[in-house]
Amino acid sequence: MKAWYVLGAALCLTACGGGGSSNREAPEVAASPTVKFFQADNGANGMQLWKTDGTEAGTSMVKVINAGGNASIEVLGTLGSKTVFKANDGIHGHELWVTDGTEAGTLLLKDILAGTGSTYIPSFAIADGTLFFGAYDNVNGTELWKTDGTAAGTIMVKDIQPGINGTGVSNLVTMGATVYFSASDGVAGYELWKSDGTAAGTVMVADINSGASPSNISEMINVDGMLYFGANDGTHGHELWKSDGTAAGTELVKDIRPGMDPSLPADLVAMDGVIYFSAAESTAQGAELWRTDGTAAGTELVKNINTSTGGSTTANGANLDFLNTVNDKLFFTARSVSGGDDELWVSDGTGAGTMSLFNAGNVYYLMVANDTALFVGEDAMHGQEMWTTDGTVAGTVLLKDIEPGASSSDFYSLGEVYFHENDAAPLVEVLPGAALIVAYRSDIGVELWKTDGTAAGTQLIKDINPGMGHGFDL
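Residues numbered from 1 in each chain as written. Predicted model: local features only at pLDDT ≥ 70, side-chain atom pairs only at ≥ 80, totals over all residues. Heavy atoms only, no water.

## Overview of the overall build of the protein
In terms of helices and strands, the protein carries two helices and 36 strands. Residues counted as buried form 52% of the 474 residues belonging to the protein. For the protein, the share of sequence-separated contacts (at least 6 apart) that also reach a separation of at least 24 residues comes to 46%. On the protein, roughly 18500 Å² of surface is accessible, and the fraction owed to carbon and sulfur atoms is 51%. (Helix = DSSP H or I, 4+ residues; strand = E, 2+ residues; numbered from the N terminus. Buried < 20%, exposed > 50% of the residue type's maximum accessible area, 1.4 Å probe, protein only. Contact = heavy atoms within 4.5 Å. Areas by Shrake-Rupley, 256 points an atom, 1.4 Å probe, with all protein chains shown as cover.)

Right, dumping it as structure tokens:
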């Protein structure tokens, strides 16, 4: 069974404002729904571009982009009134498109890899109204590009490594109006770079692993104006680093696993200015839950969840996944026993406050909506269904049995496979707290739903492919 994920990237419409006099509070005005774009199949046209505002009437196909097959939509990001996405029209390959939500306003933005071939976009981020991304063409290889949502404004920022090999842009993240990323100029290996959107302002920040060897930067996040990421300086192995965007301000946070063996920090997430992540202090311990305040002294193990020893780092680790934060609580999935089920865990950042909440069966996914943690839990009575938790064992309960009985509603991953605007927290809302999901029910197939974290607020939006047909790929 697959896990469930939220859909898409948003085209945010203008919300209404409110006014008031000096002697009373301004009246509350209901927010206007946002419009989300996604790919779906109505049973007649294959996978094409659709949109929804969370209502049945507001859910419709925008355009048949590929009349001869699936358009393979991948939404990248929203720039004002336009949403940029990748699609295959059957003529130009998988290339960059833009939409304003109308058929006439849905257009090919740029055929980056000219002809029928498809460009490859490994990473992207939005900074100051500009979408930055790595893209491949057969002249320059993979280099840094940007777009403002217009054809004229879709250009390569800089040819960092001239020639077909390209610079291999990846791990894009923004800090202010600057985008940071990993790249190689062909001399220094893959290192930390930054760009302000100009060729002159696209420069290497630091050569962490001096010389031609790469530092292999991974999983960068921006926390309060400081970048945190994994990197290898050639001396300490792959460890936790930080950078303020300058060479002098780029430094090792801590050598968690001393020597050349790597601790491999992963799944970085922030809560109240503290970064939580998975790392392995040793093979015997395996990858477990750690925290850091950005100092070596403040980088410490939170809890050794899987206390097994012997064997590989992977076997001994807790297999942390789906780290999310809400209301000063960190939720995640972990294994307390090697080879066991993925359980739901919660932590307040201390070892004593880190505990298991659900271990009746596997937990397949976790997200936060409307200040509520939602997850796919499996038990013998209900199969795989939507559960909710307030961070206590008593408050961890079945939310809705969409497919009644022991059969599963089989929520599954569209969010991370096809929709990428917010990788760190793939919650996509049409109104505050109302998140889009995809679920299976035996009388309608796999269709579009929404949830606000309550049973009553978990509702089918539209049977896109009527009857038993699936609106979404299984």
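## Considerations on the pattern of salt bridges
In total, this model carries four salt bridges according to the counting rule given. Ionic pairing is found between Glu 300 and Arg 291, a salt bridge with its closest N-O pair at 4.0 Å. Exposure remark for Glu 300: the relative accessible area of 39% places this residue in the partly exposed category. The residue Arg 441 makes a salt bridge to Asp 443 at a minimum N-O spacing of 2.7 Å. (Salt bridge = Lys/Arg side-chain N within 4 Å of Asp/Glu carboxyl O.)

## Regarding the pairing of strand S35 (residues 445-451)
Where burial is concerned, most of S35 is hidden: six out of the seven residues are buried. Inspection of the sheet shows strand S34 (residues 434-441) paired to S35 by seven bridges, in the antiparallel sense. What sits directly across from Arg 441, in S35, is Gly 445. Counted between consecutive antiparallel strands, the loop separating S34 from S35 contains three residues. With three bridges connecting them, S35 and strand S36 (residues 459-462) associate as antiparallel partners. (Pairing = 2+ DSSP bridges.)

## Some remarks on the environment of Gly 469
Mapping Gly 469 onto the fold places it in the segment after S36. For Gly 469, a relative accessible area of 22% gives the class partly exposed. Between the C-alpha atoms of Gly 469 and Asp 443, which are 26 residues apart in sequence, the distance is 9.4 Å. The contact partners of Gly 469, leaving out residues within four places of it in the chain, are Ile 444, Gly 445, Val 446 and Glu 447.

## Here we look at unusual backbone geometry
Among all residues except glycine, the phi angle is most often negative; among peptide bonds, the trans geometry is most common. Phi at Asp 267 is positive, roughly 55°, even though this residue is not glycine. Here Asp 267 shows up in strand S21 (residues 266-271). With phi around 55°, Phe 322 is a residue other than glycine that occupies positive phi space. Here Phe 322 shows up in strand S25 (residues 321-326).

## Let's talk about the sheet that holds strand S16 (residues 203-206)
Sheet strands line up and pair through hydrogen bonds in the backbone, either parallel or antiparallel. One open sheet accounts for four strands, arranged S13-S14-S15-S16; its pairing is antiparallel. The sheet is open, and its two edges are formed by strand S13 (170-175) and S16, each paired on a single side. Going across the sheet, the axis of each strand differs from the next one's by a mean of 35°, ignoring polarity. Bridge count for S13 against strand S14 (residues 178-184) is four bridges, and the pairing is antiparallel. Bridge pairing in S14 places Ser 170 opposite Ser 182. (Axes fitted to C-alpha atoms, helices over the stretch in contact; angles between N-to-C directions.)

## Description of the environment of Gly 377
By secondary structure assignment, the location of Gly 377 is in strand S30 (residues 372-379). Here the alpha-carbon distance between Gly 377 and Phe 358, two residues 19 residues apart in the chain, equals 7.9 Å. Excluding residues within four positions of it along the chain, Gly 377 makes contact with Phe 358, Asn 362, Gly 383, Gln 384, Glu 385 and Trp 387.

## A word on the pairing of strand S6 (residues 82-88)
The two faces of the sheet receive side chains in turn, since in a regular strand these alternate between them. The element S6 is extensively covered by neighbouring structure, given that five of its seven residues are classed as buried. From the end of strand S5 (residues 74-79) to the start of S6, which pair antiparallel, there are two residues, and Gly 80 there has a positive phi angle of about 65°. The sheet contact formed by S6 and strand S7 (residues 94-99) spans six bridges and is antiparallel. Each residue of the ladder has a partner; that of Phe 85, found in S7, is Trp 97. Hairpin connection between S6 and S7: a loop of five residues separates the two successive antiparallel strands, and Gly 90 in this loop has a positive phi of roughly 85°.

## Regarding the confidence of the model for the protein
Residues with a pLDDT of 70 or more make up 89% of the protein, whose mean pLDDT is 86. Across residues 1-29, confidence stays below pLDDT 50; counting only partners more than four residues off in sequence or on other chains, it has 91 contacts. Note on residues 413-425: pLDDT under 50 across the span, and 36 contacts to partners over four residues away in sequence or across chains. (pLDDT = per-residue confidence, 0-100.)

## Some thoughts on the sheet that holds strand S17 (residues 218-223)
In space, the four strands of this open sheet follow the order S17-S18-S19-S20, with antiparallel pairing throughout. The open sheet terminates on both sides in strands that have one partner only, identified here as S17 and strand S20 (250-254). Recorded for the sheet is a direction-independent mean angle of 30° between the axes of neighbouring strands. Note: strand S18 (residues 226-232) against strand S19 (residues 238-243), six bridges, orientation antiparallel. When the bridges of S19 are listed, Leu 227 appears paired with Ser 243.

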